[in-house]
Structure formats: structure tokens, C-alpha cells
Amino acid sequence: MSNLLSITAILGALAVTLGAFGAHGLEALVSPERIDIYQTGSRYHFYHLLPLFVTAAALAYNYGNRSWLLWAARLFLGGLLLFSGSLYLLALRDLVNFNIGWLGAITPLGGLLLIGGWLSLAKGLLPKLPH
């Protein structure tokens, strides 16, 4: 996790790239319903970069409970991959040559990981909050 700030920055660049592709390149390729799915993945990708950055900064500056913060980072990364990643793939499934419909079952697991990330972040920062 020592490179978490860099990983977060790379995920930010990826979010902008994928968001731009979704806004400007998908209309001719997929249905409006699939664009909605893609945009949901993109929104959550962006939303969860902020708590991932906070987690990375807290770890880099030894602020808070390191164990809980490491769990927060793992959960945010896994949640982003499973939640947003599965939505991106589901939206683009007409463009690939294999059945990925089962990914819809993975999306909620990614959501649970994201919730766990938020709770772990709260627990990791709690000891340092002013009284």
C-alpha cells in the first residue's frame, strides 16, 4: 500500500478517460439503457476516489489507525473493481464475444465492499477526531 497515492491518481486519470468515453463515444455503440449502466459505474468510480485519497493520505502521514486504514484501502480498491468494473463490462457486453451476464451478480458485492471501505475509514480516523 506504499504507492496508494499514486494508484489513486492513476485511478483518477482512468476515471476521467472512461467518463469521457462514456459521454462521447458510447452513443453509437450501445443502447441508452447500457449508457445509464455505464454512467452509474463512472459516477461511483469518481465518488470513491475521494475517500481512497483520504485513506492514502492518512496512511502516508501516519494519521489514524493503520490497520483499519489498510482495510479501508483494500475494500475501496476491491469495491471499485467489482462495482464500477462490472458495470462498465455489463454496459459494453454487446461489444465483447463472450457471455458476461453473470457480472450482474458481482456488482452488489462491490457495493458491499465500498460500504465496508467507508466504515473502515471512519473507524481508522475516529481515534484522531477532536473531542
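Note that residues are indexed from 1 along each chain, following the sequence as it is written. At least 70 in pLDDT is required for a residue's local features to be given in this predicted model, at least 80 for side-chain atom pairs to be given and counted, and no such filter applies to totals for whole chains, interfaces and linings, which use all residues. The basis for the side-chain values is all heavy atoms of the structure; hydrogens and waters are excluded.

How should unusual backbone geometry be read in this particular structure?
Negative phi characterises most residues that are not glycine, and trans characterises most peptide bonds. Although it is not a glycine, N62 adopts a positive phi angle of roughly 50°. Put simply, DSSP marks the helices as runs of H or I at least four residues long and the strands as runs of E at least two long, and each gets a number from the N terminus on. Topologically, N62 is positioned in the loop between α3 (49–60) and α4 (66–91).

Would you mind showing me how to read the side chain of T8 here?
Secondary-structure assignment places T8 in helix α1 (residues 4–24). Whenever two N or O atoms come within 3.5 Å, that pair is a polar contact, provided that in protein one can donate a hydrogen and the other can accept it, and provided that, for residues adjacent in sequence, both atoms are side-chain atoms. A distance of 2.8 Å separates a polar atom in the side chain of T8 from the backbone oxygen of L4. By definition in these notes, contact holds between two residues if any of their heavy atoms fall within 4.5 Å. When residues no more than four places from it in sequence are discounted, the contact partners of T8 are L49, L52, F53 and A56.

I tried to follow α3 on my own but got confused; where do I start?
In an α-helix, one turn spans 3.6 residues, which is why side chains three or four residues apart end up on the same side. Take the residue count of a helix, subtract one, and multiply by 1.5 Å to get its expected span. Here α3 is twelve residues long and its end C-alpha atoms lie 16 Å apart, about the 16 Å a rise of 1.5 Å per residue gives. Residues of α3 that are buried: L49, P51, L52, T55, A56, A57, A58 and L59. In the core, the buried residues of α3 are packed alongside α1, α2 (32–47), α4 and α5 (107–125). With its phi angle positive at about 50°, N62 sits one or two positions after the end of α3. Exposed residues in this analysis have more than 50% of their type's maximum accessible area, buried residues have under 20%, and partly exposed residues fall in between, with area computed by a 1.4 Å probe over protein chains only.

What's the story with the packing of aromatic side chains in this structure? I'm lost.
Between rings of Phe, Tyr and Trp, where Trp is taken as its six-membered ring, a pair exists when centres lie within 6.5 Å; planes separated by under 30 degrees are stacked, by over 60 edge-to-face, and by other angles tilted. Under the criterion given, the structure shown has five aromatic pairs. Look at F76 and W118: their rings are 5.9 Å apart centre to centre, the planes differ by 85°, and that puts the pair in the edge-to-face class. Remark: W118 occurs in helix α5 and F76 occurs in helix α4; sequence separation between them is 42 residues. Residue W118 is classed as partly exposed on the basis of its relative accessible area, which comes to 43%. Feature note: the residues F21, Y38 and Y88 constitute an aromatic cluster, connected by ring pairs. Placement of a charge over a ring requires the Lys NZ or Arg CZ to be within 6 Å of the ring centre, with the centre-to-atom vector within 35 degrees of the ring normal. Cation over ring: R74 sits above W71, and NZ or CZ is 5.0 Å from the ring centre.

When you look at the pattern of salt bridges in this model, what are you seeing that I'm missing?
Once the charged atoms of two side chains with opposite charge are near each other, the side chains can pair. The rule for a salt bridge is simple: a side-chain nitrogen of Lys or Arg has to be within 4 Å of a carboxyl oxygen of Asp or Glu. Applying the stated criterion across every chain, the model contains one salt bridge. Between D94 and R34 there is a salt bridge, and its shortest N-O distance comes to 2.9 Å. Of this pair, D94 sits in the loop between α4 and α5 while R34 is found in helix α2, placing the two residues 60 residues apart along the sequence. Residue classification places D94 among the exposed positions, given a relative accessible area of 52%. Overall, the relative accessible area of 15% leaves R34 in the buried class.

Honestly, the packing of α3 against α4 in this entry has me stumped. Any pointers?
Two measures define how a pair of helices packs: the angle their axes make with one another and the distance between the axes. For every element, the axis is a line fit to its C-alpha atoms; helices are fit only across the contacting stretch, and the angle between N-to-C directions ranges from 0 to 180 degrees. Packing of α3 against α4 brings their axes to within 9 Å, and their N-to-C directions diverge by 150°. Comparing the axis directions of α3 and α4 gives the class roughly antiparallel. In terms of crossing hand, the pair formed by α3 and α4 is left-handed. Across the interface between the two elements, P51, L52, T55, A58 and L59 of α3 pack against R66, L69, L70, A72, A73, F76, L77 and L80 of α4. Tallied by class, residues from the contact of α3 with α4 come to eleven nonpolar, one polar and one charged. Note that the term roughly parallel is reserved for angles under 35 degrees, roughly antiparallel for angles over 145, roughly perpendicular for angles of 65 to 115, and oblique for everything else. Left-handed describes a crossing in which the near helix is turned anticlockwise from the far one by less than a right angle; the clockwise case is right-handed. The classification used treats Ala, Val, Leu, Ile, Met, Phe, Trp, Tyr, Cys and Pro as nonpolar, Asp, Glu, Lys and Arg as charged, and all other residues, Gly among them, as polar.

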